[in-house]
Amino acid sequence: MAKTTRKTEEKSVKAVNAAKVTKAAKAKKETKAKKPVKAVKTAAVAETVSAIPVSPLVFEKPEKFEQVNHSLTKIDAMGLVCGVQKYVADVDFKDLLHIKVLGSPHAHAEIKSIDTSSALKVEGVVAIYTWKDVPRVVRTTAGQGFPEPSPYDTCLLDNKVRFVGDRVAIVAAETPEAALEACSKIKVEYKVLKPVFDPEKAMEKGAPVIHDEKDCRVPIPIFYDPKHNHCSHVETAVGDVKKGYKNADYVLERTYYPHYAQHCPIEPHTCMAYLDEYDRLVLRSSTQVPFHARRITAQTLQLPIKKIRVIKPRIGGGFGTKQEVLLEDVCGLVTLRTRRPCIWALTRAEEFMAARTRHPMVCTIKSGVKKDGTITAISMRIISNTGAYGSHALTVLSNCGSKVLPLYRADNIEFIGDTVYTNLPVGGAYRGYGATQAAYAMECQMDEMAEAIGMDPIKFRQKNHIKEGESSPIFKALGEGREGVDMAIGSCGLGKCITEGMKRIEWDKKFNKPGTGTKRRGVGMCCLMQGSSIPEIDMGAVFIKMNEDGSFNMLLGATDLGTGSDTVLGQIAAETLGCKLSDMMVYSSDTDMTPFDVGAYASSTTYLTGGAVITTAKKVRAQIEAVAAKMMGEKLEDITIKDGVCYGKGRKNFVSFARVCTYAMYEHQQFQIGAIGSHISHASPPPFSAHFAEVEVDTETGEVKLLKYVAGVDCGTAINPTLADGQTQGAVMNAISFALTEEYIFDEKGRMLNPDFGNYKIWSTKDLPVIDTFLVPTYEKTGPYGAKSVSEISINGALPAIGNAIKNAVGVRLTRPPYTAEKVLAALKELKSGSGKTVTKSKK
Amino acid sequence: MKINTTINGKKHCLDVKANAMLVDVLRAAGFKSVKFGCGEGMCGCCAVMINGKPRNSCITLAGLAEGAEILTVEGMGNPENPHALQQAFAESGSTQCGYCNPGSLIAAKALLDSNPNPTADDVKDALDGNLCRCTGYVKRIDAVLTAAKAVKKTSKTVRGKK
């Protein structure tokens, strides 16, 4: 059945192609019919139509990899470690203004009046802007495809504040100190409104309405009910869950509460603005989405797009929080109004409170299982807390279902999700993007089901997980703001991830053997999937030109934010062109200089932009071959290329790339060897992963010590195995500290009490357990050289794997992470006294 | 006020405000490898060597640098002639976004200067004040151990030549 799906897909694209050709032919006919036009013109019409590129569905596998699948050194590595690569703030400007933004002290309030007179008197203050000084344009800060699936509910400045830290006024001054002092002298009279912090209470009748403004709206036809703090709603069902529960031997249900977290890029959000020689606004920004940043800034400041240029230099990490357009509008405003360059960098406290966070959620999972291990039904009910604004509200919610539910076979599936506004920090894109929260609930539930039927949790997963050739109705049912794309699994290395991981953690030796004494040990595991790009929505484009020494400039809209995508995409180009990575000069990204790319998100860059690289490099290679054939007097089909040299038949004649380009540039029928190419994906093949954790729990203190963590990942072909492994290790480490220590602590007024690295603990080297990561190669035909995504998936494992390991060690099921000593101890006491609430219901 | 200080082997006379922090002064003087991450001495990306000791420059008053010898990562090596630690970081995949690298490399150099034969635990101790959100630390610990061997080899060769 799966194969049929694939064929149908191929057919449908072929049909589209055919339609285009027919259209072109028709156009030709019509032109001819009207009047006899020169053949050249007719050909041009046909060319115009066929020039609309069609993205390839599959990428063939070469016999041998020369450049990809090799751990080549990251092209920017030496510059980074020598401190010479430039980040946003690493350039100097004369007359630079410093920006500070006054944040709201209240979680929910109307601004009755603002008096900036004394603040303006502070020496060095140049300008102060409040909501009265700026046009009111509602839009979203979420850098997503346009029109966005996030509500337009955020203004540059508003007369209402909706969370502690929300923008009240913008100050620009000669020094940061003057700007800060001025902030303290702005007198604001607030009408404090009742806040609401609990997402479930926010949906109740009579709850304070956070977005009571008239102009908030959604730009696409989707559910939106701000009058009830109801930001988004998704509902889908496959089969009949009621029937599924009837047929089950056991029905289990439990609710999990994945918590707030911040991305903590070590470089805080930073943006510089200046006017260039043509009086255009240039934004030098730490953004994952330069093209979305340009569009949203143009929208907010009511400028034509052509008046803005966004430059993304080196970026100090993003993990999703820099997929938001948070600073560009403010910096743009200041520079346009003062005609001076300016800089704004968030403080660490602002980064925690006013940048973006992981949406905390209430995840209720219910499932039915038969004694033989068949899952008869799964219901997932999600309430996502988006905080004060609806950035990524719908899509993070959809991903809870679409990146988790297809992993296991079940005939009856139900997904109901709601995103709710509260007066807390704003949710956004964060590596994992909903899958982190939902996989936590699902993978704990898998253990619970296995326990209920007395089956080993690994055997239970092996019996039920999706395999090559299979599909899931969820792929089509849950898209991003619209229907998803049906697909079959083309590659799945999950089986090997599981068996190899079991060996490495010594599962059989350690499972269900907690030992005696006060310290008990346990192992736990989980299986994961993610996606690779948003199919038929995301687009990436690439420009490659050749130089007369045989090197190439590759200009990418894709945004390397530290992931190494410049290197990975450079390797893909070198492989296709037949040269070495050292001959690729890769530049990303700049809205003036590079072609469009949606940006670094949705696990898309390697998979999606990699496809555009192949498409483009093939065009360039064809030009090189044509010139070489002409130069050598050989037939085009006889030309082969190896290591930057073109060979004729039998390798008797040869010309180097340098000669080819010099010839094309200076000698005969001169032209620039180069091409531009784009790619969209028609599938979002999941990478797969199995994670294993071994813990020791101190039953006297509740302390959880993580002894070992094993993660195996199938990302198809790893274009650069060391970098792919680095993505895994980094995601695992982030996830571990999220599971065990990272936590937002709020006071009763909604103020975060620990917005600093001293009190919000992210792990460092001394906390490091034994981390063992490995890659399981598969070949994904729809991906460039068989690649799938790798960056996000491994952040989803620690919550369930460690949670399951704690359960295995001491018998308590924790549902409110992080798993701090206090929570473990409290759960142990409840277990001992028998007062532990059993949410799990068993039938029969 | 004016401070006299040696940065990466060169003498500098810098005009600084009494309350200026060293991170800002060094960056204004062109040493952009010194990064700003938290302003509270918690993340370590602003670390520089002051008289041979790694210090977080975001919580160090610039005035304290009077007469001091300061080393930033620019002074450790350059892309043409990198320090063994820089080489090992680059080749091992220890650099992703790279923002924390200057601080971590300074901390690693301070370790190797005082302890040429570190164990993995020594490295973990020495780098604990340098937060990294990208790499998960595994590769950088190996990189420091690799570099330690390379440094020892080089110093042996140099001594041998003498």
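Look up: the structure comes first, before these words.
Residues numbered from 1 in each chain as written. Chains lettered and ligands numbered in written order. Predicted model: local features only at pLDDT ≥ 70, side-chain atom pairs only at ≥ 80, totals over all residues.

Asks: I'd like a rundown of the interface of chain B and chain A, residues and numbers included.
Replies: With 44 residues of chain B at the interface, the matching set in chain A holds 45 residues. Elements with a minimum of two residues in the side of chain B that touches chain A: α2 (73-76), α3 (84-92), α4 (101-114), α5 (120-126) and α6 (138-161) of chain B. Looking at the side of chain B that touches chain A, the element that brings in the most residues is α3 of chain B, giving four residues. Broken down by class, the residue content of the side of chain B that touches chain A amounts to 21 nonpolar, 14 polar and nine charged. (Contact = placed C-beta atoms within 7 Å. Helix = DSSP H or I, 4+ residues; strand = E, 2+ residues; numbered from the N terminus. Nonpolar A, V, L, I, M, F, W, Y, C, P; charged D, E, K, R; others polar.)

Asks: Please give an account of the pairing of strand β10 (residues 281-285) of chain A that cites residues and values.
Replies: Residues and elements named next belong to chain A. Among the five residues that make up β10, five are buried, leaving the element largely enclosed by the rest of the structure. Side chains L281, L283 and S285 project from β10 onto one buried face, and the interleaved V282 and R284 project onto a second face that is buried too. Pairing between strand β9 (residues 270-275) and β10: five bridges, direction antiparallel. Bridging from a neighbouring strand, L275 pairs with L281 of β10. Linking β9 back to β10 in an antiparallel pair, the connection comprises five residues, with D279 at a positive phi of about 65°. Here β10 pairs with strand β11 (residues 308-311) via four bridges, running parallel. Among the inter-strand pairings, L281 is bridged to a residue of β11, identified as I308. In this fold, the crossover linking β10 to β11 by way of helix α8 (residues 290-301) has right-handed handedness. (Buried ≥ 20, exposed ≤ 12 C-beta atoms within 10 Å, placed from the backbone. Pairing = 2+ DSSP bridges. Right-handed = clockwise from strand over helix to strand, strands pointing away.)

Asks: Kindly report on the sheet that holds strand β6 (residues 187-192) of chain A, identifying the contributing residues and their values.
Replies: Residue and element names in this part refer to chain A. Across the sheet, three strands lie side by side as β4-β2-β6; this open sheet has antiparallel pairing. Two strands bound the open sheet, and with one partner strand each, they are β4 (160-161) and β6. Looking at chain direction, strand β2 (residues 109-115) and β6 are connected through six bridges and run antiparallel. Residue pairing in the sheet places D115 in a bridge with K187 of β6.

Asks: Help me get a handle on helix α12 (residues 435-453) of chain A, residues and values and all.
Replies: When the terminal C-alpha atoms of α12 of chain A are compared, their 26 Å separation across 19 residues agrees well with the 27 Å that a helix rising 1.5 Å per residue should span. Where burial is concerned, most of α12 of chain A is hidden: 17 out of the 19 residues are buried. (Expected span 1.5 Å × (residues − 1).)

Asks: Explain the sheet that holds strand β19 (residues 584-588) of chain A to me, and be specific about the residues and the numbers.
Replies: Residues and elements named next belong to chain A. Taking strand neighbours across the sheet as the criterion, the four strands line up as β19-β18-β17-β23 in an open arrangement whose pairing is mixed. The open sheet is flanked by β19 and β23 (674-680), the only strands paired with a single partner. Here the average twist between neighbouring strands, direction ignored, is 20°. By the bridge criterion, seven bridges tie strand β17 (residues 539-546) to β23 in an arrangement that is antiparallel. (Axes fitted to C-alpha atoms, helices over the stretch in contact; angles between N-to-C directions.)

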